[in-house]
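Analysis of the macromolecular model
Given next are the chains, with one letter for each unit.
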Amino acid sequence: MSSQKVWVSEPKEGFVLGFIIDLGSDRVTVSTEKKIGSSSTVQVPYESVYPAEDDSEQDYDDNCSLMYLNEATLLNNIRIRFNKNQIYTYIANMLIAVNPYVDIKNLYSRETIKRYQGKSLGTLPPHVFAIGDKSFRDMKTTKQSQSIIVSGESGAGKTESTKYILRYLCESWGSAAGPIEQKILDANPVLESFGNAKTTRNNNSSRFGKFIEIHFEQMSKVTGGYISHYLLEKSRICSQSSSERNYHIFYQLMAGGPSPLKQKLGLEGKTLKDFRYLNRGLCEFFGQSLSDPIVHDIKDFQNLEKSLEHLEILAGDRLSIYTVVASVLHLGNVDFEDDPDDTRGGCRVKDATESSLKLAASLIGVDIDELRTSLTSRVMQTAKGGLKGTVIMVPLKTYEAANARDALAKAMYSRLFDYIVSRINQSIPFKSLNTTYIGVLDIAGFEYFTINSFEQFCINYCNEKLQQFFNERVLSDEQNLYEKEQLGVPKIEYIDNSDCIELIERNPRGILSILDEESKLPKPTAGHFTSEIHKQYPNHFRLALPRKSKIKEHREIRDDEGFLVRHFAGAVCYSTAQFIEKNNDALHASLEGLVQEQSGNQFLKGLFGKASTQVSGKLVYVSVASKFRSQLAELLDKLRGTGTSFIRCIKPNAKMIQGVFEGGQILSQLQSAGMTSVLELMQRGYPSRVQFSSLYSTYKGLLPPKLSNLDPRFFCRALFKALGLSEEDFKFGLTRVFFRPGKFKEFDQIMRTDPESLKQMVSRVTKWILHSKWKKSIYGAVSVIKLKNKIVYRRENLLVIQKTVRMYLAKKKHRPRIQGLNRIRNLNSQVQSLEQTAQKLKKNKEAGQGDVKKLQADLIAATQKIKSNPNLGPKEIEKLCQDLFSKCEMLVKSMSQRAESERIAEEQERARKVREEMERQKREKEEQERARILEEENRKKKAEIEARRKKEEAEMAIKLKTQKTVGGKSEEDHASIVMLEQDKRDTELAMRLAAENNATVDYSSDSGSTGSGSLRRNNAVINSRAGKKHDLSGWKYSELRDTINTSCDVELLEACREEFHRRLKVYHAWKARNSSRNSGISAAASRGPDIMEEQQRAPKSVYQHQHIYPTSAPSPTPSDSQRYFRIPFTKDGQNKGLWYAHFDGQFIARQMEIPPSREATLLIAGRDDMQMCELKLNETGLTRKRGAEILEYEFEKEWSKHGGERYIRPAERASLANK
Ligand SMILES: Nc1ncnc2c1ncn2[C@@H]1O[C@H](COP(=O)(O)OP(=O)(O)OP(=O)(O)O)[C@@H](O)[C@H]1O
Ligand SMILES: [Mg+2]
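Basis of the calculations
- Residues numbered from 1 in each chain as written.
- Chains lettered and ligands numbered in written order.
- Predicted model: local features only at pLDDT ≥ 70, side-chain atom pairs only at ≥ 80, totals over all residues.
- Heavy atoms only, no water.
- Helix = DSSP H or I, 4+ residues; strand = E, 2+ residues; numbered from the N terminus.
- Buried < 20%, exposed > 50% of the residue type's maximum accessible area, 1.4 Å probe, protein only.
- Contact = heavy atoms within 4.5 Å.
- Areas by Shrake-Rupley, 256 points an atom, 1.4 Å probe, with all protein chains shown as cover.
- Salt bridge = Lys/Arg side-chain N within 4 Å of Asp/Glu carboxyl O.
- Patch = residues over 30% accessible without salt bridge, like charges linked within 9 Å, V, L, I, M, F, W, Y side chains within 5 Å.
- UniProt positions renumbered as here; feature names shortened; annotations may be inferred.
- Polar contact = N/O pair within 3.5 Å; in protein donor to acceptor, adjacent residues only side chain to side chain.
- Donors = N, O, S within 2.8 Å, 3.2 Å for Na, K, Ca; no water.
- Pairing = 2+ DSSP bridges.
- Core = buried A, V, L, I, M, F, W, Y, C linked by side-chain atoms within 4.5 Å.

Some words on the overall build of the chain
Tallying secondary structure elements over the chain gives 39 helices and 30 strands in all. Taking all 1219 residues of the chain together, 47% fall into the buried category. Relative to all contacts within the chain whose residues are 6 or more apart in sequence, the contacts with residues 24 or more apart total 66%. Of the accessible surface of the chain, which amounts to about 61900 Å², a share of 52% is contributed by carbon and sulfur atoms.

What follows is the structure, encoded as structure tokens:
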């Protein structure tokens, strides 16, 4: 334990070596070789201690060859190699390149290029050329485009590495850098002049990202290329920090530009200090006060000219380019001050800078006043007024004008850069069809400063995406290998950073979307934007408030001034102050329009493209972030379609000098590049791997010839078995053996121990081989015995098989017959039940039984057939059975249908009976109820009738009494007069009636003289007519009868009935007098049935009362009442009969005589009047006769029983007629 060599974390060096001297529960005590702080004994957590290689000064080309894979050994390996000027190291297929800051002799020479051509990765020391070559060979073998991703922080050597790769590719497969290849190479100086600048981290820092594609025809020859560029840093155009410079071109032009040119551009005689866009930065030239191995302003200008020439950018265009550059400088010098004359708070160009304005205007090619106006005011368009609204000029404040000037300068320069890239692309042929390419991506690596702004945010976002891509690629490659070698290693998980990417680019509400939304607000503020982010993601793992930062300066940033993103490489705190401005690429429409429409400088005009139709004063919003996001998406799509190699560039020190290895810083770069996580991955997998052949050749020399002649794979197996290595520590693939981390070392150690133990080892191997051979021969003998046993065993079993097969065949043959018989037998039981069913049938029983019998006969026949014929085939049997089945089925069906229908019929019959019985009972009940109600009603009615009768009787008694007492003589006289009068009238009428009937009137009975009677009658008639409406005296009897029978006039009808009955009465009286032998109506028979004479219209009692009751007396019965009477009578003194009468009002309507032995006589008024009772109801005394009145139904019952028609009352006629 005490001898365990370890690396202990140390901030400056990264790690220092030490030995563990004590183990605590969560810390270890390590004695370090160098002091950490003031002590050389430190107690550190376990996580900060890593095992070290035994020989910590031994380095490896591929870091995976190390025994221990951890960040400390990686750093140490790189350090050892760096110190030996071996700046390149592999981690598997990735290349780590440390910037040497010095030209290493022959490292990039033509010879070296040649040396690397066509050599597999790993055969020669690590190199960018090897990566270039691998890409080329991969392209050829996989027929797929390749990309090389070069990453690292500023100054790490990305651009240089890119250049070397391009050179390697062009020189190797171009015709010695022929025209196309030269153009690709010439693009670099141009891009660097316009896109590179001196920063504190790099004298030649690329301020943009680029992806350079080299196209290959038929995968062998360079035929073209294409450059895509990303995210030029625009803020640098207007200001730089004191130790940094603007883009190289400004200095190159100032230092290297020929006098006439400078004269033209207004630069002659000017110094760097004369320009605002330069003088706030470092005002020095490379090649003069500044020095750099690569950058030299004067020489670089000359190189630039040459390169532009090569790229076919002619002198005229070159002048235009320089003009734009110079105009940016002059424009930058234009300064503004508040205009005291302007009441709207506007500004004006300072007098002192008028000359700059003039120069700028002339170079831009616009009128000086137009430029002045466009800089100091902006166009506003009102919503109302005409087609496009009214355009008004709004004066700008001093700072607004300065912003407008800077925006114009930035727009001019960035468009110039775009133009230059597009011109380069134009000059290099571009073939997208049938070409594969190798693309090299040189884009800034993960960045973090004390103050991080929008640029860092974008670049780190880009690096997150690249890291995600890296994870995908590296892991998939590694896992593909494991799969190919059939190691059966379970899938290795890795830290996924997609949540961070999601946080940034999610749509909507990702940070970039929130930023774009904020920019579209009328008054966007950084504070609001920042708060929105925190509001949106209060608990996101990747996002935090600045105060959560581990850096003190960041913790001082307010919540609404910044946010902290936990990137894959570490947390970065961003200050959001400039985010909104930097994200906006907009230019005031008036400024843009000025250049677009009025510039005489056609070149510049071309850069600004066509005028946009929008002339509103608002900024034409162009989001830098969203443009970058889509560019990035496009780039990643491209990368995903290619095979990829990675080069991780490392900057060895911040001083940018050779030979200094700042371990701490380098470690952090390795971490940022995701290298340490790759090691973690390797740790879990099988990072060390050796091909069987190489293992064999390595140790062959150490072993005796008898071992070294073995097959490599068998040799390795023997070796591993003999050494007793744990199966868990290594895995045999198809072509190589894979070791768990550190296990290769153990193996190696055993192999390289002293000769004595090697001897032992050899004897063990020999023993293992012997064992293995012996095992093989034993195995052979055992196999032979096994074989013999197998043969015996087989023979025994053969019999079983034979027996079984025979049985099988017999069964196979007869099975259908047996099955058929079984099926028929089964059918038999069905037939029996059918028989029973047939027996139960009620209808067609015999037919049913006959059918069953027939089926039974069929069954017997079929059974017979099967039994008697052993060769009957399964198909025939099947058919036979099927026939029987279907017959049986049909019979069952028809039988059950019959039984069913019988059952249903019975069921229905029974139901019907039950229903009828129920209905009958119901009806009976109803009938009883009705009868009961009727009886009740009748009883009531009878009681009423009785009461009425009693009342009328009483009334009559009283009347009679009064008549007797009060009347006296005079009344008697009066009565006799009345009687006389009436008689006479009646006689007269009788005469008329008799005349109509051809009868004779007998006057003898009349007591009075006819003459005087006639006279009196006339008077009486006249008197009686006086108060009446209808005079019916002149009417004939038949007229009266017809009217009664037909009229609907109730009043007339009533009058007619009155008159008609009166006449009838008279007639009957007359008739009686004329025909009667016993004309006096005896008052006899007050008890028992009435006597009814032959030819009499009513029993005697009816007529008995007519003299008692005064005819003129008002009727007690209403004229529309219907009353019914029944009186028993006798005829001939013995035959009893019943006399029925129906009175409609006062007059009889129907009459019925039911004699005992004869048929009933039914009489109806209007038809049989002559045979009917002619008296008025109250004259009959029926109403007062006890038990005489009956109920309607009693009458109607008898009436209808004897065939009487329905009675229609005269009063009903009108309503019936209307119907
Ligand atoms: N392989 C190399 N050999 C010698 N010097 C190198 C090498 N690589 C880089 N340098 C030196 O380091 C400097 C910075 O390199 P380079 O411009 O490639 O960095 P970079 O990673 O592109 O940085 P930036 O991100 O700022 O563009 C170069 O100017 C050169 O002086
Ligand atoms: Mg660069």
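Looking at the pattern of salt bridges
Per the counting criterion, the structure on display carries 70 salt bridges. Two residues, arginine 640 and glutamate 472, come together in a salt bridge whose shortest N-O distance is 3.2 Å. Here arginine 640 is found in helix α23 (residues 624-640), whereas its partner glutamate 472 is found in helix α15 (residues 454-484), with 168 residues between them in sequence. Residue arginine 640 is classed as partly exposed on the basis of its relative accessible area of 33%. Two residues, glutamate 532 and lysine 535, come together in a salt bridge whose shortest N-O distance is 3.2 Å. Placement of both glutamate 532 and lysine 535 in helix α18 (residues 526-536) is noted, with a separation of 3 residues, approximately one turn of the helix. We classify glutamate 532 as buried; its relative accessible area is 15%.

Regarding a nonpolar patch on the surface
A grouping of Leu798, Ile801, Val805, Tyr808 and Leu809 is seen on the molecular surface, where their side chains present a nonpolar patch of about 480 Å² in accessible area. Relative to the helices and strands, leucine 809 resides in helix α30 (residues 755-840). Residue leucine 809 is classed as partly exposed on the basis of its relative accessible area of 47%.

A few points about the UniProt feature "binding site: ATP" (unreviewed entry) in the chain
Here, UniProt's "binding site: ATP" (unreviewed entry) annotation points to Gly152, Glu153, Ser154, Gly155, Ala156, Gly157, Lys158 and Thr159. Judged by relative accessible area, serine 154 falls into the buried class, the value being 8%. Excluding residues within four positions of it along the chain, serine 154 makes contact with Thr199, Arg201, Asn202, Ser205, Arg207 and Lys651. A distance of 3.4 Å separates polar atoms of two side chains, one belonging to serine 154 and the other to serine 205. Secondary-structure assignment places glycine 155 in the loop between β8 (146-151) and α4 (158-173). Residues within four places of glycine 155 in sequence aside, it is in contact with Asn99, Tyr101, Arg201, Asn202 and Lys651.

With respect to the coordination of the magnesium ion (ligand 2)
The protein atoms that coordinate the magnesium ion (ligand 2) are Thr159 (OG1) and Ser206 (OG), at distances of 1.8 to 2.0 Å. One end of the pair, threonine 159, is in helix α4; the other, serine 206, is in strand β10 (residues 205-206), with 47 residues separating them in the sequence. When its relative accessible area of 17% is taken as the criterion, serine 206 is described as buried.

With respect to the pairing of strand β6 (residues 88-91)
Across the two faces of β6 the burial is the same, with Tyr88 and Tyr90 and Thr89 and Ile91 all buried. Where β6 and strand β7 (residues 94-98) come together, 4 bridges link them in antiparallel fashion. Looking at the pairing, tyrosine 90 lines up with leucine 95 of β7. Count of turn residues in the β6/β7 antiparallel hairpin: 2 residues, of which alanine 92 carries a positive phi of about 55°.

Here's the deal with the nonpolar core
Counting 183 residues, the largest nonpolar core has Ile91, Phe194, Phe250, Leu371, Leu416, Phe563 and Ile647 as the members making the most contacts within it. Looking at this core element by element, the count peaks at 14 residues for helix α14 (residues 398-427). Ignoring any residue separated from it by four or fewer positions in sequence, one finds phenylalanine 250 in contact with Leu278, Val325, Val328, Leu329 and Tyr413. If you look at the next biggest cluster of nonpolar residues, it comprises 28 residues, including Cys716, Leu719, Phe730 and Leu758.

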